[in-house]
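If you want the building blocks of each chain, they are given just below.
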Amino acid sequence: MALATDIIMTLSAEDQHRLEQFWQFCLTHQYFNVGYPEAADFDYFKLHKFLQFSINNCGDWGAPGNYLLNTFEFEREVMHYFSSLFSIPPEQSWGYVTNGGTEGNMFGCYLARELFPEGTLYYSQETHYSVAKIIRLLRIKAKEIPTLPSGEIDCDKLAEQIVDDGERHPIIFANIGTTMKGAVDDIGAIQRRLSAIGIPRQDYYLHADAALSGMILPFVDDAPAFSFADGIDSISVSGHKMMGSPIPCGIVLARRRFVDRIAVEVDYISASDQTISGSRNGFTPLLMWAAIKGRTLAQWRERTGRCLAMAQQLVERLNQQGVPAWRHPHSITVVFPRPSERTWKTHCLATSGEHSHLITLPHHHSLHQLDAVIHDIVQDLGPAAACSDSLPVALACTA
Ligand SMILES: *Cc1c(COP(=O)(O)O)cnc(C)c1O
């Protein structure tokens, strides 16, 4: 049998040098992020040593097969944590650690399509682009619905469209925090509209895309509706966004009775598999587990509150300097008109149509970290810039 030392790989001096250069690049830019919601305040040092094993979480963590090196125990605890966070008993739900928000959205849409194969999927105009891929991959009929200026789906237009289509089994893809504006679709209003147009609860499916806000709303007071208790059927959250992870990951959680319909038996691992991939990352469940175990509820609330307070300070500071910036109450996404190309490119600001945004993350210890980007935004949009007509009245600046 080969010893571990026989199979060690070696890198040439030149290749080692390239890695060293990349290491320096990463150190320099580790806190670059002001436009994309990836938190960088994590420390997973205790997990580094597990990278020497070929860990694989193929299949269902609840029905272990015979691949011994897995982290199913940890994945189970991660999923129990999220079932409690999203108000559904563990025995009534099932989900798993995904490769990110997109896979979780796809899983939710897959369950919906299996339930209602002829159903039309309705999503708002400000939905993440992942939905476009998903409806093509799954070949689901779909309709885009206009949003209000604040970024939420227009519930009246949604109801009208469903009536026009004569759709008896709508699949609603709701945003719990849109990518560009952090807008939360009103789940309660959507359900009231569906009921008013004569669609009973068991005849529609409601998926929540909570990529970023899924790890914000559980930790604030007076959060808008977003959980299973509020009527959703599945939810997807990214692990590498608000939580923070060196490897993209996420979770998806759904009502168990819908998941049971899609399980396939796999004889050669002697287990069942309801997930989208075959082999699955066994390391990311450890990361998510450590993130959850590493902070108490009070610490999650404090960390979230700090980001929200910073977002509010940022809005006020930009408003004071004549920039019509705004945010939704429970969002760390600060929205303002698109600055010059030079500014958004220099600072890696996410920009779409007429808007750009800054996201205040837990690794921003104070607004001073954002001084340079604020300066450039004010230069571009400062006192001379008039308040944009496209801003929602209630949220528009007072400048
Ligand atoms: C980021 C994001 C996604 C996609 O998540 P990934 O983890 O990048 O796959 C989906 N929806 C929304 C609203 C997002 O912001």
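Residues numbered from 1 in each chain as written. Predicted model: local features only at pLDDT ≥ 70, side-chain atom pairs only at ≥ 80, totals over all residues. Heavy atoms only, no water.

- Under an unreviewed UniProt entry, the name given to the protein is Histidine decarboxylase, and the source organism is Aeromonas dhakensis.
- Looking at the Sequence similarities (unreviewed entry) heading of the UniProt record, one finds this comment for the protein: "Belongs to the group II decarboxylase family." (UniProt positions renumbered as here; feature names shortened; annotations may be inferred.)

### Considering the overall build of the protein
Reasoning step 1: Check the secondary structure of the protein and you find 11 helices and 12 strands.
Reasoning step 2: Radius of gyration (C-alpha) of the protein: 22 Å, near the 21 Å computed for a compact globule of 399 residues.
Reasoning step 3: Counting only C-alpha atoms and orienting by the principal axes, one finds that the protein spans roughly 75 × 65 × 40 Å.
Reasoning step 4: When the 399 residues of the protein are sorted by exposure, 52% land in the buried category.
Reasoning step 5: Taking contacts inside the protein between residues at least 6 apart in sequence as the whole, the part at least 24 apart equals 71%.
Reasoning step 6: Surface accessibility of the protein: about 19200 Å² in total, with carbon and sulfur atoms responsible for 54%. (Helix = DSSP H or I, 4+ residues; strand = E, 2+ residues; numbered from the N terminus. Rg over C-alpha atoms; globule rule 2.2 N^0.38 Å. Buried < 20%, exposed > 50% of the residue type's maximum accessible area, 1.4 Å probe, protein only. Contact = heavy atoms within 4.5 Å. Areas by Shrake-Rupley, 256 points an atom, 1.4 Å probe, with all protein chains shown as cover.)

### Focus on the UniProt feature "modified residue: N6-(pyridoxal phosphate)lysine" (unreviewed entry) in the protein
Reasoning step 1: Here the UniProt-annotated "modified residue: N6-(pyridoxal phosphate)lysine" (unreviewed entry) positions come out as Lys241.
Reasoning step 2: In this fold, lysine 241 is placed in the loop between β6 (234-238) and β7 (250-255).
Reasoning step 3: For lysine 241, a relative accessible area of 14% translates into the label buried.
Reasoning step 4: Once you skip the residues sitting within four places of it in the chain, lysine 241 turns out to touch Pro37, Glu38, Ala39, Ala211 and Leu212.

### Concerning the pattern of salt bridges
Reasoning step 1: Inspection of the entire model under this criterion finds 15 salt bridges.
Reasoning step 2: We note a salt bridge from arginine 113 to glutamate 114, for which the minimum N-O separation is 2.7 Å.
Reasoning step 3: The partner of lysine 345 in a salt bridge is glutamate 341, with the nearest N and O atoms 2.8 Å apart. Here lysine 345 pairs with glutamate 341, and both are found in helix α10 (residues 341-346), just 4 residues apart, close to one helical turn.
Reasoning step 4: Given a relative accessible area of 47%, glutamate 341 falls into the partly exposed group.
Reasoning step 5: Through salt bridges with shared partners, a single ionic network connects Asp41, Arg295 and Arg303. (Salt bridge = Lys/Arg side-chain N within 4 Å of Asp/Glu carboxyl O.)

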